[in-house]
Amino acid sequence: MVVAVFLGSLLGTMALGMPIAFALVLSGVALMIHMDLFDGQIVAQTILQGADSFTLIAVPFFMLAGEIMNQGGLSKRIVDLAVSLVGHRRGGLGFVCILAACVLSSLSGSAVADAAALAALLMPMMVRSGHDPALSGGLIASSAIIGPIIPPSIGFILYGVVGGVSITKLFLAGIAPGLMIGAALCVAWLFVIRKEKFALPVRASGAERRQALASSLWALMLPVIIIFGLKFGVFTPTEAGVVAAVYSLFVAMVIYRELTPSMLFGVFAAAAKTTAVVMFLVAAASVSAWLITIADLPGAMVALLEPLMDNQTLLLVAIMVLIVAVGTAMDMTPTILILTPVLMPVIKQAGIDPVYFGVLFIINNSIGLITPPVGTVLNVVCGVGRISMEKLIRGVWPFMLAQLVVLMLLVLFPALVTVPAAFFAGR
């Protein structure tokens, strides 16, 4: 009955068009009333405590870094470098998109920011070259969701905070799977364009490549600084967010000089609005998370999945299918905030490494960003790339399938995550 009250109130309010944050609060209140525990002070205190976390300070700084990179020319220079390296090959602009997405993901950690930058810079180029707009948009959207997988990742930060898992370990464990997804997208892109006829960009000369590399060098230094800083304990993930924001601001204003003082207010305002949405979701979800614990929903989930506890692979497959289904109707952030406290006891009791599960969990939630009808990244690419949702959904399926194949390989072969993670951690 408790599960029915929680899901009924949550899905019912969402069906009425209520914002997810308010729906989470009301579903928590409904649970409190059902359990005869309602107290307005508890609701207010839990909301405030939900956002009161030192680790979560990283979120606004990484959001700000993403905005600065898009406005200050860092993203553009990354794309220009990728064009000079692989743009002349057959399907080269697709490879440019994937390569640029992998680099951009190591800068901002936000799929939405990466999608906006890639769609604005590459969509017109790909269409002018003769590529199908639907496939081009689908590849851009699919590439952008590498953002929450390769560190730094806002998704990993949220999962780590809610689940009590080391964020640094999550960051290092996400590198290899993110690159695997990029490789899978390359294979899928080659497959879907095999019959297309399009114009190839002119091959860049050696001088042009060196110039593009020199121009983007300052931007490329940021992921190196963050990864090495985390690996050797120079700074925490929260401090890494500060480093990313300050470094990108310095490069954009002093080195590239594309970000002027008059533009700063707009950049900070945009980052603040995006951060406010995420942090309010975190705060609102804390009410439901607290009541989920009080109502022992994790215990009910453990009992439900008891027949699969002895087989970690089957258990993970069942959970991944559940998350895929949830991802079609719910955005990434609320899914992490709602499901993490429910699934974490199940994972621990089954003896599954929470870091390994976190990588699978975030990859699955990232794929949810391009699954209709919610698909936040789909909406961004539609708006920026000026393409209809129907065409974009048609174009995204081949790439989504490639990503799901990688996800299943990671479920079947955990060493694909754990071995590289141990290597990057220096163990």
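To keep things clear, this report deals only with the structure shown in the data block. Not measured: the values here are computed from a predicted model. Numbers given to residues run from 1 along each chain, matching the order in which its sequence is written. Thresholds applied to this predicted model are a pLDDT of at least 70 for local features of residues and 80 or more for the giving and counting of side-chain atom pairs; totals over whole chains, interfaces and linings are not thresholded and use all residues. The side-chain quantities take in all heavy atoms of the structure and omit both hydrogens and water.

1. Topic: the packing of helix α19 (residues 376-385) against helix α20 (residues 389-412)
For any two helices packed against each other, one specifies the inter-axial angle together with the distance between the axes.
Inference 1: Only the stretch in contact is used when fitting a helix axis, every axis being a line fitted to C-alpha atoms; angles between N-to-C directions are given from 0 to 180 degrees. Under the DSSP-based scheme used, a helix requires at least four consecutive residues in state H or I and a strand at least two consecutive residues in state E, with every element numbered from the N terminus. Running from N to C, α19 and α20 point in directions that differ by 120°, and their axes come no closer than 10 Å. One element, α19, and the other, α20, form an angle in the oblique class. The handedness of the crossing between α19 and α20 comes out as right-handed. On α20, the residues touching Leu378, Asn379, Val381 and Cys382 of α19 are Met389, Leu392, Ile393 and Val396. Throughout this description, any angle smaller than 35 degrees is read as roughly parallel, any larger than 145 degrees as roughly antiparallel, any in the 65 to 115 degree range as roughly perpendicular, and the remainder as oblique. Throughout, a crossing is termed right-handed when the near helix is turned clockwise from the far one, and left-handed when it is turned anticlockwise from it by less than a right angle. In this description, contact between two residues means that some pair of their heavy atoms is separated by no more than 4.5 Å.

2. Focus on the state of the cysteines
Two cysteines joined by a covalent bond between their sulfur atoms form a disulfide.
Inference 1: In this description, a disulfide is simply a cysteine sulfur pair whose atoms lie within 2.5 Å. Taken as a whole and judged by the stated rule, the model has zero disulfides.
Inference 2: The cysteine Cys97 is free of any disulfide, with Cys102 supplying the nearest cysteine sulfur at 9.5 Å.
Inference 3: Of the cysteine sulfurs around Cys382, a residue in no disulfide, the closest is that of Cys97, at 15 Å.
Inference 4: Its relative accessible area of 13% is what places Cys382 among the buried residues. In this scheme, a residue with accessible area under 20% of its type's maximum is buried, one over 50% is exposed, and one in between is partly exposed, where area comes from a 1.4 Å probe on protein chains only.

3. A look at the side chain of Ser84
Inference 1: Among the secondary structure elements, Ser84 is positioned in helix α5 (residues 74-86).
Inference 2: Relative accessible area serves as the criterion here: at 6%, Ser84 is assigned to the buried category.
Inference 3: Excluding its chain neighbours within four sequence positions, the residues that come into contact with Ser84 are Ala204, Arg209 and Ala212.

4. Structural notes on the packing of aromatic side chains
Inference 1: Two rings from Phe, Tyr or Trp (for Trp, the six-membered ring) form a pair when their centres are within 6.5 Å of each other. A pair whose planes differ by under 30 degrees is stacked, one over 60 is edge-to-face, and the rest are tilted. This model, assessed by the stated rule, comprises seven aromatic pairs.
Inference 2: When the centroid spacing of 5.3 Å and the interplanar angle of 70° are considered together, the rings of Phe22 and Phe280 count as edge-to-face. Of the two residues, Phe22 is situated in helix α2 (residues 20-34) and Phe280 in helix α14 (residues 261-294); the sequence distance between them amounts to 258 residues.
Inference 3: Judged by relative accessible area, which is 44%, Phe22 ranks as partly exposed.
Inference 4: On the basis of relative accessible area, Phe280 is assigned to the partly exposed category, the value being 33%.
Inference 5: Taken together, the ring pairs in this structure connect Tyr159, Phe357 and Phe361 into an aromatic cluster.
Inference 6: By definition, being over a ring means that NZ of Lys or CZ of Arg is both within 6 Å of the ring centre and within 35 degrees of the ring normal. For the cation-ring pair, Arg77 lies above Tyr256, with the distance from its terminal atom to the ring centre recorded as 3.8 Å.
Inference 7: Lying over the aromatic face of Phe191, Arg194 brings its terminal NZ or CZ to 4.0 Å of the ring centre.

5. Some words on a nonpolar patch on the surface
Inference 1: A cluster of nonpolar residues, Leu401, Val405, Leu409, Leu412, Phe413 and Leu416, forms a patch on the protein surface that exposes about 530 Å² of accessible area.
Inference 2: With four residues, the single largest contributor to the nonpolar patch is α20. Candidates for patches are residues over 30% relative accessible area with no salt bridge; among them, like charges are joined within 9 Å and nonpolar side chains (Val, Leu, Ile, Met, Phe, Trp, Tyr) within 5 Å. Every accessible area reported is derived by Shrake-Rupley at a probe size of 1.4 Å, with residue values counting cover from the shown protein chains alone. We define a salt bridge as a contact between a side-chain nitrogen of Lys or Arg and a carboxyl oxygen of Asp or Glu at a distance within 4 Å.

6. Notes on helix α16 (residues 312-327)
Inference 1: By this rule, a helix spans an expected 1.5 Å times one less than how many residues it contains. Taking 1.5 Å per residue as the helical rise, α16 with its 16 residues ought to reach 22 Å, and the 22 Å between its terminal C-alpha atoms agrees with that figure.
Inference 2: Taken as a whole, α16 has its buried residues at Leu315, Leu316, Ile319, Met320, Ile323 and Gly327. Seen along its axis, α16 keeps its buried residues to an arc of 130°; they face one direction.
Inference 3: Buried positions along α16 lie against α17 (332-349), α18 (354-367) and α20. Note: the arc covers the axis-to-C-beta directions of the helix.

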